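Topology and contacts: notes
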Amino acid sequence: MTDTERVRPETIRAVPVRHPGRWVAAAVIVVLAAMLVSNIVTNANYNWAEQWKYFFSPPVLNGVRNTIWLTIAAMLGGVSLGIVLALMRLSPNPLMRGASWLYLWVFRGTPLYTQLLIWGNIGALFPQFGIGIPFGPEFVTWPTNALYSAALMAALGLILNEAAYMAEIIRAGILSVDPGQQEAAQALGMTRMHTMRRIVLPQAMRVIVPPTGNEAISMLKNTSLVAAIPYLELTFTAQTIYASTYQVIPMLIMACIWYLILSSIMMIGQFYIERYYAKGSHPGGGRVRFIGGTA
Amino acid sequence: MSDVMVRAEQVCKDFGHVQVLKGIDLEVLNGEVMCVIGPSGSGKSTFLRCINHLEKVNAGRLYVDGRLIGYREHGGKLHELKEREVAAQRKDIGMVFQRFNLFPHMTALENVMEAPQRVKGEPASVVRTRAEELMERVGLAAKMRSYPAQLSGGQQQRVAIARALAMQPKLMLFDEPTSALDPELVGEVLDVMRDLAREGMTMIVVTHEMGFAREVGDSLVFMDDGIVVEKGSPREVLTNPQHERTKLFLSKVL
Ligand SMILES: Nc1ncnc2c1ncn2[C@@H]1O[C@H](COP(=O)(O)OP(=O)(O)O)[C@@H](O)[C@H]1O
Ligand SMILES: [Mg+2]
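Thresholds, definitions, all that
- Residues numbered from 1 in each chain as written.
- Chains lettered and ligands numbered in written order.
- Predicted model: local features only at pLDDT ≥ 70, side-chain atom pairs only at ≥ 80, totals over all residues.
- Heavy atoms only, no water.
- Helix = DSSP H or I, 4+ residues; strand = E, 2+ residues; numbered from the N terminus.
- Rg over C-alpha atoms; globule rule 2.2 N^0.38 Å.
- Buried < 20%, exposed > 50% of the residue type's maximum accessible area, 1.4 Å probe, protein only.
- Contact = heavy atoms within 4.5 Å.
- Areas by Shrake-Rupley, 256 points an atom, 1.4 Å probe, with all protein chains shown as cover.
- Pairing = 2+ DSSP bridges.
- Axes fitted to C-alpha atoms, helices over the stretch in contact; angles between N-to-C directions.
- Near = heavy atom within 4 Å.
- Polar contact = N/O pair within 3.5 Å; in protein donor to acceptor, adjacent residues only side chain to side chain.
- Nonpolar A, V, L, I, M, F, W, Y, C, P; charged D, E, K, R; others polar.
- Core = buried A, V, L, I, M, F, W, Y, C linked by side-chain atoms within 4.5 Å.
- Phe/Tyr/Trp six-rings, centres within 6.5 Å; stacked < 30°, edge-to-face > 60°.
- Lys NZ or Arg CZ within 6 Å of the ring centre and 35° of its normal.
- UniProt positions renumbered as here; feature names shortened; annotations may be inferred.
- Expected span 1.5 Å × (residues − 1).
- Patch = residues over 30% accessible without salt bridge, like charges linked within 9 Å, V, L, I, M, F, W, Y side chains within 5 Å.
- Salt bridge = Lys/Arg side-chain N within 4 Å of Asp/Glu carboxyl O.

Quick look at the overall build of chain B now. What chain B contains, in helices and strands, is nine helices and 12 strands. In terms of overall dimensions, chain B is globule-like: its C-alpha atoms have a radius of gyration of 18 Å, near the 18 Å expected for 254 residues. Across its three principal directions, the C-alpha atoms of chain B cover 50 × 50 × 35 Å. Burial status across chain B gives 57% buried among its 254 residues. In chain B, the share of contacts with a sequence separation of at least 24, taken over all contacts with a separation of at least 6, comes to 64%. Of the roughly 11,000 Å² that chain B leaves accessible, carbon and sulfur atoms contribute 46%.

The structure is reproduced here in structure tokens:
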């Protein structure tokens, strides 16, 4: 029998399975949503007018600006220091590995809020700051309080903490690259640094980028903890406003709306960046980049 | 330039307590194609990797073109070479791997250009011209802009050969270059290697392709359990092996 002679059997037209549970769940959600909307419209305690009054006020905009730059600085610094820590962690030198491990142990094993409180009071730990020979004479010294700035301490506190988490993400990314890649690079006469920069890290990006996007979005929210320093970012600004107006809930909801706007922008960016790095995982695509091991 | 390209003197290599190479003595002359056969785990890959110092030799000496590999002998003592010096020695030694190991985030042409441009620091235009010539030579002029994932295994391995040749090495090491290929793709890679041998390249080829060894090889080495059991012309070793172990191995693979 040839293909043309073969008779195609009747197309299946079966009765689909019904899902009564889904209808019940949908009904519950619709009722809950209606209750929420009704509450938002009728409950005067939201005080939307008060929120609107402050939404673009100079102190709030200043808080938003500080939140944004802290997020960017913390991620840039955290990624840079994280790369160094990850390379130390993978170094053949046991002292390097040990130092990196110790760093991660301290910064991942203590709460960020507590760390930031310590940075806010660092002058009590190191009253003086100087440059000199270790255990020897110091050439110049300053009182720590003269150098201290809340912005610097806020950024420093976030960077040092974030670096510990980024180090683990970057290390996992590096380890995901086929060891044959390093061999091939070395056999061509590349140094370890060149191999890392040109061969290993670009391939590790596929594994590093998605969790880094999540870290950045977490960071946006964690900046609110620098109130511990204290530093005037968005949440702390909202607090200072309601300290005099007593409109606690409206100011906190206003801050939440700002966070939602900022995190939504970041999620959109994350979507496009991940799509860029996922491209080329399949041989079919046009511009193929960042696939896994060769086979 | 000396007549001897590679000289191995009592080369030993251990991994922990396991002795993998137990005193390899070999000489490869300039322009010679030496094929290496032997059972899996006999130390063939390890020996190749010692030649470009991807593995550190534990005892014995390895010379390539008269230069001691990995160390400097000074006042009766051996001093380890710095990373840059080891890298410099590797520039003259090309290596081709069983699993190709192309850089997947670069096009075929970028793979070939990377090392000459960024390791040797040659001008981009010179490197590009040479890379394009090499891609043509391995029959892949049409695939220069393809990424490795878009190429067949045979094409990838030919790019890998071009990549090694782009550094203009004096010596080429091949570690089972066709073992990961579908049978119908083996021929295209062996053809490229045959041309290379004809042009006078010094080559050490670990292979299971006895036909290639017989036709192209100037010498054939049988390794087993970390030693060179037998070395001779391919015809002698393949048709009239002197040792029991060689006979046993050949009876299994031929
Ligand atoms: N990095 C390593 N660490 C420990 N053992 C190894 C390592 N590389 C190779 N070996 C061992 O050395 C022996 C020889 O391996 P290899 O040189 O790859 O053999 P061949 O290439 O002839 O199959 C094997 O028993 C293998 O398990
Ligand atoms: Mg092997």
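This paragraph deals with the overall build of chain A. Counting its regular elements, chain A contains 12 helices and two strands. Tracing chain A from N to C terminus, the helices and strands come up as α-α-α-α-α-α-β-β-α-α-α-α-α-α. In terms of principal-axis extent, the alpha carbons of chain A reach across some 100 × 70 × 30 Å. Here chain A holds 295 residues, and the buried ones make up 36% of them. For chain A, the accessible area works out to roughly 17,600 Å², and carbon and sulfur atoms hold 69% of it.

Next up on the list: the environment of Leu-85 of chain A. All names here are of chain A. Structurally, Leu-85 is set in helix H3 (residues 58-89). Remark: the alpha-carbon pair of Leu-85 and Met-166, spanning 81 residues in sequence, is separated by 8.8 Å. Each residue touching Leu-85, except ones within four places of it in the same chain, is listed here: Ser-100, Tyr-103, Leu-104, Ala-163, Ala-164 and Ala-167.

What follows deals with the sheet that holds strand E2 (residues 18-29) of chain B. All names here are of chain B. In space, the four strands of this open sheet follow the order E2-E1-E4-E5, with antiparallel pairing throughout. Each edge of the open sheet carries a strand with a single partner, namely E2 and strand E5 (67-68). Note that strand E1 (residues 4-15) and E2 share nine bridges and pair antiparallel. Within E2, the residue paired with Cys-12 across the bridge is Lys-22. Helix H1 (residues 44-51) contacts E1, E2 and strand E4 (59-64) of the sheet and is inclined by roughly 60° relative to E2.

Let us now look at the pairing of strand E9 (residues 171-175) of chain B. Residues and elements named next belong to chain B. Counting buried residues in E9 gives five out of five residues, a clear majority hidden from the surface. Where strand E8 (residues 93-96) meets E9, four bridges bridge the pair, whose relative direction is parallel. Bridge pairing links Gly-94 to Met-172 in E9. Judged from the five bridges that link them, E9 and strand E10 (residues 202-206) form a sheet pairing that is parallel. Across the sheet, the residue bridging to Asp-175 is Val-206, located in E10.

Our next topic: the site of ligand 1. Residue and element names in this part refer to chain B. The immediate surroundings of ligand 1 are formed by Phe-15, Val-20, Pro-39, Ser-40, Gly-41, Ser-42, Gly-43, Lys-44, Ser-45 and Thr-46. Measuring from an oxygen atom of ligand 1, one finds a backbone N or O atom of Gly-43 at 3.0 Å. At 2.8 Å, a side-chain N or O of Lys-44 approaches an oxygen atom of ligand 1. Out of a free accessible area of 560 Å², ligand 1 has 56% covered by protein chains. Per-element accounting of the shell around ligand 1 gives the leading share, three residues, to H1. Its residues placed into classes, the shell around ligand 1 shows three nonpolar, six polar and one charged.

This next bit is on the nonpolar core. Met-135, Ile-161, Met-172, Phe-174, Met-193 and Met-203 of chain B are the most contacted members of the largest nonpolar core, which totals 50 residues. No other element matches helix H6 (residues 183-198) of chain B, which puts eight residues into this core. Counting residues in each nonpolar core, the second largest holds 39 residues, with Leu-188 of chain A together with Cys-50, Met-167 and Val-221 of chain B among its members.

Inspection of the entire model under this criterion finds 12 aromatic pairs over all chains. Considering the side-chain rings of Trp-52 of chain A and Phe-56 of chain A, the 5.9 Å spacing of their centres and the 85° angle between planes classify their relative orientation as edge-to-face. Among the residues examined, Trp-52 of chain A registers a relative accessible area of 61% and is labelled exposed. Through a chain of ring-to-ring contacts, three or more aromatic side chains come together here, namely Trp-52, Phe-55, Phe-56 and Trp-258 of chain A. When the ring centre of Tyr-165 of chain A is taken as reference, the NZ or CZ atom of Arg-108 of chain A above it lies at 5.9 Å. Against the face of Phe-103 of chain B rests Arg-163 of chain B, its NZ or CZ located 4.5 Å from the ring centre.

Moving on: the UniProt feature "domain: ABC transmembrane type-1" (unreviewed entry) in chain A. Mapped onto this structure's residue numbering, the UniProt feature "domain: ABC transmembrane type-1" (unreviewed entry) falls at residues 64-270 of chain A. Taken end to end, residues 64-270 of chain A comprises 77% helix and 5% strand; its first and last C-alpha atoms sit 20 Å apart.

Before going further, it helps to examine H6 of chain B. Residues and elements named next belong to chain B. Compared with an ideal rise of 1.5 Å per residue, which puts 16 residues at 22 Å, H6 spans 24 Å between its outermost C-alpha atoms and is within 8% of the ideal. The complete set of buried residues in H6 reads Leu-185, Val-186, Val-189, Leu-190, Val-192, Met-193, Arg-194, Leu-196 and Ala-197. Those residues of H6 that are buried are in contact with strand E3 (33-37), helix H4 (124-137), helix H5 (153-165), E9, E10 and helix H7 (210-216). Trailing H6 by a residue or two, Gly-200 shows a phi angle of about 95°, which is positive.

A separate point is a nonpolar patch on the surface. All names here are of chain A. Where nonpolar side chains cluster on the molecular surface, the patch consists of Phe-129, Ile-131, Ile-133, Phe-139, Val-140, Trp-142 and Leu-147 and spans about 670 Å² of accessible area. Of all the elements in the fold, those that place two or more residues in the nonpolar patch are strand E1 (128-132) and strand E2 (138-143). Element by element, the count of residues in the nonpolar patch is highest for E2, at three residues. Examined against the element boundaries, Phe-129 turns out to sit in strand E1.

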